[in-house]
Amino acid sequence: MQLKLNDSVKYIIEKLESAGQRADIVGGCVRDFLLGKPPHDFDITTSATPDEMREIFRDEHTLEVGLKHGTLTVILGAEPYEITTYRTEGDYTDHRHPSTVSFSRTLTDDLSRRDFTVNAICYSERHGFTDPFSGVADIEARVIRAVGEPACRFEEDALRILRALRFSSTLGFVIEEGTARAIREKAHLLEYISAERILTEYKKLMEGSQAYEVISEYPDIIAWVLSIPSAIRLLPRDRFASLPPNLRTLSLFALSADSPVEAFSHAADRLRLDNAARHEGEKILSSLDLPLSDEVDIKLAFMKIGAPYTLSLIKLLFAMGRAPQQCLATAERILASGAAYRISDLAIKGEDLTSLGIKGPEVGKTLTAAIIAVIRGECENTRDSIFRYLNLHA
Ligand code: ATP
Ligand code: MG
């Protein structure tokens, strides 16, 4: 079987080969090729040392930020390509980073340091596949298997535990028994891993088509990541899988935590969630009891938490069996109709009130009273009708 490499990758490999080095594509791109998916980026592994790579690509646009770890990034046609010198595993003292980086001239050394057999295959046109750990067979069998002794590999870098779960979720692969056993045995070492690395893998895990299966199999690890003290409770599979990743996570808090908002905020702190995601989660989880039974309720929810959060809330509540099926369609119809639900939709503005001598916080309160009246149909959204409703005389 031949993989189709793009011209930039061919160029990089040829350039390294003509300098007497070996170079192959490796990792996720080879795995994705074999799965029939277009790779999203190409990593190249080479026998050339960092200094040699620098010399070979001296006329190209390169980035040297990773060079002391062996990675030179070559930019071709605005695309970055990471080329990394063969490395061996240095000594790990803290379950997360090797204390030293050692370069090697041997491809097998480099493949042995990789996490899973499916990620430890390399390929070039000259050498075909190099697959000392039978990763191709594991891709065919749809199995995630640690390279080498699983427990040792998780002790070296505990993030691999979460990566195994992530690949199982996104690829729909089963985790091989020995690897699964070591995951459970070494899960406590995840506490040594930085919030940022955990969050990256967790997000990918949640995006996966098999996220439900992974959470069901490893509920304690997910509860630990989310700092949920009680047992994880899940929606029925189809309902869970129908949700976008952010709402999948919120469903876990809504069902499993005694105080979902507090639990979520605590996890957001610990995982250093970005402000937008934190705000969204807090708003939605604190609105789980908002009534949404008719158009007026839905418009009031739009007013209170905004239309995008309301749509998400409805999706979440529907999945939880707490909102009727037609609720989302009603909400979308209201939005499409251009009906008023925000203060900015009102036929009067703040200045209309200040010009009548209304001041300070009273302005906002009066506008809020007006939009609520318009939403409830107690007055029309015209200047006259609102003024009459508010007992104001222009
Ligand atoms: P993706 O499609 O998400 O990019 P990927 O397999 O390319 O998946 P990366 O995180 O980009 O994953 O890593 C690239 C390669 O580096 C992996 O395929 C694997 O060979 C190796 N690798 C990454 N992280 C680790 C790790 N923690 N331990 C060992 N090898 C790793
Ligand atoms: Mg990658």
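In case you missed it, the structure is sitting above this.
Nothing here was measured: the structure is a model prediction, and the numbers come from that model.

Caption draft 1: Structural view of the layout of surface pockets. Of the pockets and cavities examined, the largest pocket occupies roughly 1600 Å³. If you go around the largest pocket, you meet 43 residues; those closest to its centre are Asp43, Arg113, Arg114, Asp115 and Arg163. When contributions to the lining of the largest pocket are tallied by element, the ones reaching two or more residues are helix 2 (28–34), strand 2 (43–46), strand 5 (79–85), helix 7 (159–171) and helix 9 (195–207). Of all the elements, helix 7 adds the most residues to the lining of the largest pocket, at seven residues. The residue makeup of the lining of the largest pocket, split by class, is ten nonpolar, twelve polar and 21 charged. Both domains that furnish three or more residues to the lining of the largest pocket are identified here as domain 1 (1–135) and domain 2 (142–225). Within this model, the second largest pocket holds a volume of roughly 320 Å³. When contributions to the lining of the second largest pocket are tallied by element, the ones reaching two or more residues are helix 9, helix 13 (245–256), helix 14 (260–271) and helix 15 (275–285). Its residues assigned to classes, the lining of the second largest pocket comprises 13 nonpolar, three polar and four charged.

Caption draft 2: Looking closely at the site of ligand 1. Close to ligand 1 lie 15 residues; Arg31, His40, Arg160, Arg163 and Arg166 are nearest. Residue Gly28 places a main-chain N or O atom 3.4 Å away from an oxygen atom belonging to ligand 1. Take His40: an N or O atom from its side chain is 2.8 Å from an oxygen atom of ligand 1. Expressed as a share of its isolated accessible area of 580 Å², the protein-covered part of ligand 1 is 80%. Because more than half of its atoms lie within 2 Å of the grid, ligand 1 is assigned to the largest pocket. Residue assignment for the shell around ligand 1 shows that the elements contributing at least two residues are helix 2 and helix 7. By residue number, the principal contributor to the shell around ligand 1 is helix 7, which donates four residues. Class assignment of the residues belonging to the shell around ligand 1 gives a composition of one nonpolar, four polar and ten charged. Counting contributing residues per domain, the shell around ligand 1 is built from domain 1 (1–135) and domain 2 (142–225), each supplying no fewer than three.

Rules used throughout
Residues numbered from 1 in each chain as written. Chains lettered and ligands numbered in written order. Predicted model: local features only at pLDDT ≥ 70, side-chain atom pairs only at ≥ 80, totals over all residues. Heavy atoms only, no water. 1 Å grid on protein atoms, 1.4 Å probe; cavity = no way out; pocket = protein on both sides within 12 Å on 5 of 7 lines; lining within 4 Å. Points joined across faces, edges and corners; volume = space filled by probe spheres on them. Helix = DSSP H or I, 4+ residues; strand = E, 2+ residues; numbered from the N terminus. Nonpolar A, V, L, I, M, F, W, Y, C, P; charged D, E, K, R; others polar. Domains from an automatic or database assignment. Near = heavy atom within 4 Å. Polar contact = N/O pair within 3.5 Å; in protein donor to acceptor, adjacent residues only side chain to side chain. Areas by Shrake-Rupley, 256 points an atom, 1.4 Å probe, with all protein chains shown as cover. Sits in = over half its atoms within 2 Å of the grid points.

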